[in-house]
Amino acid sequence: MDINKLNRALSGGMFANRIVFLPETDSTNDRAAALAVQGAEEGTVVFAESQRGGKGRLGRKWHSPPGVNLYFSMVLRPAIAPARAAGLTIVAGVAAAEALPLFCPSPIELKWPNDILAGGKKVCGILTEMRHSGGDIGHVVIGIGVNVNIRSVQLDEEIRSRATSLREESGRKISREDLAAAILIRFEEWYRVFLAEGFEPVRKEWIRKSGMTGRRVRVVMRNGVREGTVTGMDENGVLLLAAEGSGPIEIISGDVEPVSGEE
Ligand code: BT5
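Residues numbered from 1 in each chain as written. Predicted model: local features only at pLDDT ≥ 70, side-chain atom pairs only at ≥ 80, totals over all residues. Heavy atoms only, no water.

A.B. asks: Break down the site of the ligand for me, citing the residues and quoting the values.
C.D. replies: Of all residues adjacent to the ligand, which total 28 residues, the nearest are Ser27, Lys55, Arg60, Lys122 and Asn147. A distance of 2.8 Å is found between an oxygen atom of the ligand and a backbone nitrogen or oxygen belonging to Lys55. One of the side-chain nitrogen or oxygen atoms of Asn114 is found 3.4 Å away from an oxygen atom of the ligand. Relative to its unbound accessible area of 800 Å², the ligand is 95% covered by the protein chains. (Near = heavy atom within 4 Å. Polar contact = N/O pair within 3.5 Å; in protein donor to acceptor, adjacent residues only side chain to side chain. Areas by Shrake-Rupley, 256 points an atom, 1.4 Å probe, with all protein chains shown as cover.)

A.B. asks: Which residues make up the side chain of Glu205, and what values go with them?
C.D. replies: Take Glu205: it is sitting in helix 6 (residues 200-210). Contacts of Glu205, omitting those with residues within four sequence positions, involve Val94, Glu98 and Trp190. (Helix = DSSP H or I, 4+ residues; strand = E, 2+ residues; numbered from the N terminus. Contact = heavy atoms within 4.5 Å.)

A.B. asks: I'd love a proper account of unusual backbone geometry, names of residues and values included.
C.D. replies: The step from Trp112 to Pro113 runs through a cis peptide bond, and the omega angle for that step is -10 degrees. Summarising the element assignment, Pro113 is placed in the loop between strand 4 (108-111) and strand 5 (115-118). The residue Asn17 is not glycine, and still its phi comes out positive at about 60 degrees. One can find Asn17 in the loop between helix 1 (3-9) and strand 1 (19-25). Asn17 gets classed as exposed once you look at its relative accessible area, which sits at 65%. A positive phi angle, close to 50 degrees, is found at Leu58, a residue other than glycine. (Buried < 20%, exposed > 50% of the residue type's maximum accessible area, 1.4 Å probe, protein only.)

A.B. asks: Pulling in residues and values, what's your account of the domain arrangement of the protein?
C.D. replies: The assigned domain composition of the protein is domain 1 (3-210) and domain 2 (216-258). One C-alpha centre belongs to domain 1, the other to domain 2, and the line joining them spans 24 Å. Counting residues at the interface gives 15 residues for domain 1 and 15 residues for domain 2. Taken together, both faces of the contact between domain 1 and domain 2 bury some 1,100 Å²; the carbon and sulfur share is 57%. Ranking the residues of domain 1 by area buried against domain 2 places Lys111, Trp112 and Phe199 at the top, with a combined share of 50%. Where domain 1 packs against domain 2, one counts 3 salt bridges. Between Glu257 and Lys111 there is a salt bridge, with the nearest N and O atoms lying 3.8 Å from each other. (Domains from an automatic or database assignment. Buried area = accessible area lost by both parts, 1.4 Å probe. Salt bridge = Lys/Arg side-chain N within 4 Å of Asp/Glu carboxyl O.)

A.B. asks: Would you mind going over the pattern of salt bridges in detail, with residue names and values included?
C.D. replies: Counting across every chain of the model gives 23 salt bridges. A salt bridge links Lys209 to Glu98, with the nearest nitrogen and oxygen atoms 3.6 Å apart. On the criterion of sequence distance, the pair formed by Lys209 in helix 6 and Glu98 in helix 3 (residues 86-99) is long-range, its members being 111 residues apart. Take Glu98: its relative accessible area is 23%, and that puts it in the partly exposed class.

Encoded structure:
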């Protein structure tokens, strides 16, 4: 990646000249968190060409082969209560869902809480991790992985049928610097809205973009599986479901799949 090009595209913004580039690392989220603990300022972003231990939620793996994709993690220090930090995943989702269509003609969809799909397959994942003591957030790290120029055949077999890349969807090679800049610039815009006006405008935009409201879904949670109809998202980013048999429930974490044939 050409970090000078990326810095030029970001000039004047909160991420300009705060990029840390690593040819290879374990996880950019772990590197960003380590830098944050050492005092790295808000806006520090760690990029890697590849990750040995790229991670998803709940100890899952994020496939991170070299040279073709984007793997980066931002350090943030928002003055908000820890309970509101989940909203930052949604901020990142809205920003990415605005940026990706500039590079990809397939429909881009947001899937709660952290997936972005292109043409119905996963193209981007977001992982938010936080360190706080008591009521104060020390730092938040938001990691974003995007399948950019990887070809389907290069995708790990485990995910090939469910994943795609912007190149596969658009039929052309995409500049990773242009895409990273587009995501970071939109993230900064939405982050400022979130800090100044709270979660509500972000929530509205997510609901508008995701098209999930009213859909029948199956939610796989640690403690079981529920089916129901999505009724919205609350002021903390929690998914609201009208569940069969038990009325309204709040989904704080889980994997959401549309129930086929009944969307
Ligand atoms: C996520 O978790 O989707 C969050 C992924 C965040 C990755 C970024 S890369 C930069 C930063 N550094 C890190 O270490 N992480 C972040 P989750 O919703 O748990 O989804 C994980 C699941 O997505 C896996 O179990 C696979 O099924 C699938 N998956 C793994 N790698 C993929 C890829 N490259 N493309 C599409 N799907 C993938």
